[in-house]
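Examination of the molecular architecture
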Amino acid sequence: MPQGDEVKMYVCGVTPYDDAHLGHAMSYIIFDVIQRYLQFRGYKVKYVQNVTDIDDKIIDRANKLGISPRELAEKFTASYFADMDALNIGRADIYPRATEEIPKIIEIVQGLVNKGYAYPSQGSVYFRVRNVPDYGKLSHRSLESMMAGMCAVGGEEKEHPMDFVLWKASKPGEPAWESPWGPGRPGWHIECSAMSLKYLGNTLDIHGGGQDLVFPHHENEIAQSESFTGVKPFVKYWLHNGMVQLGEEKMSKSLGNLITIKEALERYSADAIRIFALGSHYRSPLTYSEEILEAAERGAERLRQTANNPVSGQKTGKRIDIEQYRQRFIEAMDDDFNTAQAIAVLFDLAREINRYDSEGIEAEEARNMLKELGGVMGLTLELPEEPPIDIELLRQKITSINKELMEAHLKEIPVDRLDTDAEAVLEELMTTRNALRKDEKWQLADYIRSRLDEAGIPYEDTPKGPVRKRRR
Ligand SMILES: [Zn+2]
């Protein structure tokens, strides 16, 4: 595909009836990175993601809570966008909502009925799978194998047990829209066909979603779209991400072992959650554990420190071969979006920058490359905001330090200036401490550092002098 061309990408969106969880995070992080990477390589991307804002689950939960389905869907759609922003997931270009796309959905259902691919029955409309000879091509199943072991419950409304609903007759009290078949609402599968056709045309370059959507959802999308338009293929590249597991089990609402995005963000930074999600191949299952998330957090911290290290080294003519890192990054991502490999390249680059920093050699170009490639992974690499200094606590600690300084017949640190300029007081304290270190008065120097540690202002002694450490 020539660069500059537009890549048409569709990803199945959420059904907003509850808070999104880490399974959602993984899927949307991956497609966010694919969008960012394609743009990095010079493509335009048109990205559409639907919102299934009418569905059985929404109706059930709204009834339980005594609010309208619309109110519930709006609440959790807003919650979903807040989560996506917090994870630094860029927005899709269009988020069509099922309830706002009813005319297009009815047009396609009617078209399928006219062509003999669908039939009305008792106010609903079903898709006739037997009229699609290649039904099952995505999931590599035949109609016979799909039916093996299933009992044809409620088969009388349908001609064939595998026929699926396009339009659902509404029950009394449920939200309903007028249609040629009576009041009802769209089925889930037809929604994605309608929205992708309307906003992206007959053929998509990329269609994404979790592996749990391969059958029946995506199989049905293919049958609907190709039967309606007569154009094959509906999708050039299907990308299915693996599921998030907790131990041996899939993380799912029905198993009650979900970790919501909000819960995860209380404990870990967005960069750490992204490193976790991108740390294995998108098609593989991803196992959640606190150890793995903690390791990802330490990794994020290392990258952040390197990206923001304020040292200004000397220009010596020796420089990091940043083009080599860029090439390795591109090779990894061109290999079926091997994000794990791409992340490894970032860590290799950070390690080399750290080596330059410790030798006092300038590495700003490489640092910028680290930020740029990190950005393609959606990592902000921003240092978390410093918590404000607790002045009263610091006053107590400096008072203790002053006692020791007095005993050593040294000049005290002026605590009364803490209220107006705490930074200047800290600077003076560090000057005193540097002098102590020069005189090899290690014990007193260590004493000062420990008290500052307790005041929540940790310093680290480096070959180039003490550096204040940042803490989340
Ligand atoms: Zn879908």
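Higher on the page you've got the structure.
To keep things clear, this report deals only with the structure shown in the data block. (Residues numbered from 1 in each chain as written. Predicted model: local features only at pLDDT ≥ 70, side-chain atom pairs only at ≥ 80, totals over all residues. Heavy atoms only, no water.)

A closer look at the coordination of the zinc ion
- Binding of the zinc ion to the protein goes through Cys 12 (SG), Cys 192 (SG), His 217 (NE2) and Glu 221 (OE), at separations of 2.0 to 2.7 Å.
- If you look at the zinc ion, its four donor atoms make angles of 75 to 135° with each other, and the shape they trace is irregular.
- Coordination of the zinc ion draws on donor residues from a single chain, spaced C-x179-C-x24-H-x3-E in sequence. With Cys 12 in the loop between β1 (6-11) and α1 (22-40) and His 217 in helix α7 (residues 214-229), this pair connects stretches of sequence that are 205 residues apart.
- Judged by its relative accessible area of 5%, Cys 12 is buried.
- Given the relative accessible area of 1%, His 217 is considered buried. (Donors = N, O, S within 2.8 Å, 3.2 Å for Na, K, Ca; no water. Tetrahedral: all angles 85-135°; square planar, octahedral: opposite > 155°, others 65-115°. Helix = DSSP H or I, 4+ residues; strand = E, 2+ residues; numbered from the N terminus. Buried < 20%, exposed > 50% of the residue type's maximum accessible area, 1.4 Å probe, protein only.)

A look at the pairing of β1
- As paired elements, β1 and strand β2 (residues 44-49) share six bridges and run parallel to each other. Paired with Glu 6 across the bridge in β2 is Lys 44.
- Read as a crossover between parallel neighbours, the route from β1 over α1 to β2 is right-handed.
- Sheet analysis places β1 next to strand β7 (residues 204-210), joined by three bridges and oriented parallel. The residue bridging Tyr 10 from the neighbouring strand is His 207, located in β7. (Pairing = 2+ DSSP bridges. Right-handed = clockwise from strand over helix to strand, strands pointing away.)

Comments concerning the sheet that holds strand β3 (residues 118-121)
- Judged by pairing direction, the sheet is antiparallel, and its four strands sit side by side in the order β3-β4-β5-β6 without closing on themselves. Strand pairing shows two members of the sheet lacking a second neighbour, β3 and β6 (184-186), which therefore form its edges. The sheet shows a mean angle of 25° between the axes of neighbouring strands, direction not considered. (Axes fitted to C-alpha atoms, helices over the stretch in contact; angles between N-to-C directions.)

Side note on the sheet that holds strand β9 (residues 244-246)
- Reading across the sheet, the three strands line up as β10-β9-β11 and stay open at both edges, with mixed pairing between neighbours. Looking at which strands have only one partner, the edges of the open sheet turn out to be β10 (249-250) and β11 (286-288).
- Examined bridge by bridge, β9 and β11 share three bridges and lie parallel to one another. Looking across to β11, one finds that Leu 246 is bridged to Tyr 288.

Some thoughts on the environment of Val 467
- Note on placement: Val 467 falls in strand β13 (residues 465-468).
- Apart from residues lying up to four places away in sequence, Val 467 is in contact with Pro 458, Tyr 459, Glu 460 and Thr 462. (Contact = heavy atoms within 4.5 Å.)

Considering the pattern of salt bridges
- A full pass over the atoms with the stated rule returns 44 salt bridges.
- Across the salt bridge formed by Glu 226 and Lys 137, the nearest N and O atoms sit 2.8 Å from each other. Of the two residues, Glu 226 sits in helix α7 while Lys 137 sits in the loop between β4 (124-127) and α5 (143-147), which places them 89 residues apart along the sequence.
- Between Asp 336 and Arg 283 there is a salt bridge whose closest N-O contact spans 2.3 Å. Residue Asp 336 is located in the loop between α11 (322-334) and α12 (339-359), and its partner Arg 283 is located in the loop between α9 (270-278) and β11; the two are separated by 53 residues in the primary sequence.
- Among the residues examined, Asp 336 registers a relative accessible area of 27% and is labelled partly exposed.
- Residues participating in the shared-partner salt-bridge network are Asp 56, Lys 168, Lys 171, Glu 174 and Arg 185. (Salt bridge = Lys/Arg side-chain N within 4 Å of Asp/Glu carboxyl O.)

A closer look at α7
- Here α7 is 16 residues long and its end C-alpha atoms lie 21 Å apart, about the 22 Å a rise of 1.5 Å per residue gives.
- The buried fraction of α7 amounts to 14 of the 16 residues, a majority that puts the element mostly inside the structure.
- Immediately beyond the C-terminal end of α7, within one or two residues, lies Gly 230, with a positive phi of roughly 75°. (Expected span 1.5 Å × (residues − 1).)

Points about the packing of aromatic side chains
- Overall, the coordinates contain 14 aromatic pairs when judged by the stated rule.
- The interplanar angle of 90° and the centroid separation of 6.2 Å between the aromatic rings of Phe 276 and Tyr 288 together place this pair among those described as edge-to-face. Linking Phe 276 in helix α9 with Tyr 288 in strand β11, this pair joins segments that are twelve residues apart in sequence.
- Residue Phe 276 is classed as buried on the basis of its relative accessible area of 7%.
- These aromatic residues form a ring-pair network of at least three members: Tyr 28, Tyr 80, Phe 81 and Tyr 95.
- The cationic tip of Arg 283 hangs over the ring face of Tyr 282; the distance from NZ or CZ to the ring centre is 5.7 Å.
- Across the ring face of Tyr 356, the terminal group of Lys 318 is positioned such that the distance to the ring centre comes to 5.1 Å. (Phe/Tyr/Trp six-rings, centres within 6.5 Å; stacked < 30°, edge-to-face > 60°. Lys NZ or Arg CZ within 6 Å of the ring centre and 35° of its normal.)

With respect to the environment of Thr 15
- Tracing the chain through its elements places Thr 15 in the loop between β1 and α1.
- Distance in space between the C-alpha atoms of Thr 15 and Asp 55 is 7.5 Å, their sequence separation being 40 residues.
- Among all residues touching Thr 15, those that are not within four sequence positions of it are Thr 52, Asp 55 and Ile 58.

Description of the environment of Lys 469
- Its place among the elements puts Lys 469 in the segment after β13.
- Lys 469 has contacts with Glu 386, Pro 458, Tyr 459 and Glu 460, leaving out every residue within four places of it along the chain.

Some details on the nonpolar core
- In this structure, Ile 34, Tyr 288, Leu 303, Ile 320, Phe 329, Leu 370 and Met 377 are the most contacted members of the largest nonpolar core, which totals 78 residues.
- With twelve residues, the single largest contributor to this core is α1.
- The residues contacting Ile 34, other than those within four sequence positions of it, are Met 9, Ile 206, Leu 239 and Phe 337.
- Listed in part, the 26 residues of the second largest apolar core include Ile 105, Ile 108, Leu 112 and Phe 127. (Core = buried A, V, L, I, M, F, W, Y, C linked by side-chain atoms within 4.5 Å.)

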